[in-house]
Amino acid sequence: MNTRVRIAAVCVALIALAGCHGAGKKNSTTGYVSADGQITRVKVADRKAAPTLAGDDLDGRPISSTKYAGKILVVNVWGSWCGPCNAEAPTFAKVSKTYASKDVEFLGIDVRDDPSSGLSFNRKFGITYPSIDDSAGRTLLGFAKSLPSQAIPTTWIIDAKGRVAVRIMIDGLTAATLLGLIDDVQKSTA
């Protein structure tokens, strides 16, 4: 990786992890900057390879996105401390169960959190898919070459060929919106 790309990647990760410097509206009580209402869809011909996401899950076991090769992968960046993440968690719990038998997998990236808080969050909302413990912020660097995170929460949909197809940065993500985006990605790579 050349120096410019590395510097850009570090800057993007720091902005995303700061939680106070992304796009969108500032919540004056937490210093959190929410997403700005963007859904970025990438044409099939313009899609770039998704990074390999790897680390320890919230129970300390190794996990990698390579486990999901050949399937659509929905990757959600979240933190238990994040108000919008708490608001959209029921959506992810519901939609992940809807697609459980349809070659669509879900993987979380828990940032700026400790694993025990992340596990409590998952229990509270009934989230059963794994999350990478990314308290150090290294996992997000991989998206610098495709569609970087600019706010928390951010969600990516990776197509079955391992390419970034959609980036979602909106507050109030609904099940209908997420279902529709996943269905569109399934159709575009079928």
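The structure this text deals with has already been given above.
This text gives an overview of the structure that appears in the document.

Procedures and definitions
Residues numbered from 1 in each chain as written. Predicted model: local features only at pLDDT ≥ 70, side-chain atom pairs only at ≥ 80, totals over all residues. Heavy atoms only, no water. Helix = DSSP H or I, 4+ residues; strand = E, 2+ residues; numbered from the N terminus. Expected span 1.5 Å × (residues − 1). Buried < 20%, exposed > 50% of the residue type's maximum accessible area, 1.4 Å probe, protein only. Arc of directions from axis to C-beta. Contact = heavy atoms within 4.5 Å. Core = buried A, V, L, I, M, F, W, Y, C linked by side-chain atoms within 4.5 Å. Phe/Tyr/Trp six-rings, centres within 6.5 Å; stacked < 30°, edge-to-face > 60°. Lys NZ or Arg CZ within 6 Å of the ring centre and 35° of its normal. Bend = angle between axes of the 7 residues up to and from the residue. Pairing = 2+ DSSP bridges. Axes fitted to C-alpha atoms, helices over the stretch in contact; angles between N-to-C directions.

What to know about helix α4 (residues 175–188)
Phase 1: Taking 1.5 Å of rise per residue, 14 residues should cover 20 Å, and α4 covers 20 Å from first to last C-alpha, within 8% of that figure.
Phase 2: Listed as buried for α4 are Ala175, Leu178, Leu181, Ile182 and Val185. Along α4, the residues classed as buried sweep out an arc of 135° about the axis, all on the same side. In this structure, α4 carries Ala176 and Lys187 as exposed residues pointing more than 90 degrees from its buried face.
Phase 3: Contact partners of the buried residues in α4: β1 (38–41), β4 (72–78), α2 (83–98), β5 (104–111), β7 (154–158) and β8 (164–169).

Points about the nonpolar core
The nonpolar side chains of a soluble globular protein tend to be buried, and buried together.
Phase 1: Core analysis: the largest hydrophobic core is formed by 44 residues, its most contacted members being Phe106, Ile157, Ile168, Leu178 and Ile182.
Phase 2: Secondary structure elements with two or more residues in this core: β4, α2, β5, α3 (115–125), β7, β8 and α4.
Phase 3: The leading source of residues in this core is β4, at six residues.
Phase 4: Discounting residues that sit within four places of it in the chain, Leu178 has contacts with Thr91, Phe92, Val95, Phe106, Ile157, Ile168 and Leu173.

Concerning the environment of Arg163
Phase 1: With respect to the helices, strands and loops of the structure, Arg163 is situated in the loop between β7 and β8.
Phase 2: As a C-alpha pair, Arg163 and Lys48 span 115 residues in sequence and 5.2 Å in three-dimensional space.
Phase 3: Those residues in contact with Arg163, other than ones at most four positions away along the chain, are Val44, Arg47, Lys48, Ala49, Ala50, Ile157, Ile158 and Thr189.

Describing the packing of aromatic side chains
Phase 1: Evaluation of the coordinates by the stated rule reveals three aromatic pairs.
Phase 2: Taking 4.4 Å as the distance between ring centres and 15° as the angle between the ring planes, the aromatic pair formed by Trp78 and Phe121 counts as stacked. Separated by 43 residues along the polypeptide, Trp78 in strand β4 and Phe121 in helix α3 bring together distant segments of the chain.
Phase 3: On the accessibility criterion, Phe121 (5% relative accessible area) is buried.
Phase 4: Taken together, the ring pairs connect Trp78, Phe121 and Phe125 into an aromatic cluster.
Phase 5: A cation sits over an aromatic face here: Lys102 above Tyr99, 5.6 Å from the ring centre.
Phase 6: Taking the ring centre of Trp81 as reference, the NZ or CZ of Arg112 above it sits at 4.6 Å.

Looking at α2
Phase 1: For α2, which comprises 16 residues, the first-to-last C-alpha distance of 24 Å matches the rise-based estimate of 22 Å (1.5 Å per residue) to within 8%.
Phase 2: At Ala89, α2 shows its largest bend, some 35°, and a proline, Pro90, comes one to four positions later.
Phase 3: When α2 is considered as a whole, its buried residues turn out to be Pro84, Cys85, Glu88, Ala89, Thr91, Phe92, Ala93, Val95 and Ser96.
Phase 4: In this structure, the buried side of α2 is in contact with β4, β5, α3, β7 and α4.

Examining the environment of Gly60
Phase 1: Examined against the element boundaries, Gly60 turns out to sit in the loop between β2 (54–56) and β3 (62–64).
Phase 2: For the pair Gly60 and Pro115, spaced 55 residues apart in the sequence, the C-alpha separation amounts to 8.4 Å.

Quick look at the sheet that holds strand β6 (residues 131–134)
Phase 1: Spatial ordering of the open sheet is given by β1-β8-β7-β4-β5-β6, a layout of six strands whose pairing is mixed. Here the strands that pair on one side only, and so sit at the sheet edges, are β1 and β6. Neighbour-to-neighbour, the strand axes of the sheet open up by a mean angle of 15°, direction not taken into account.
Phase 2: Where β4 lies against β7, five bridges are found, and the strand directions are antiparallel. When the sheet's bridge partners are listed, Val74 is paired in β7 with Ile157.

Nothing here speaks to function; it is all geometry.
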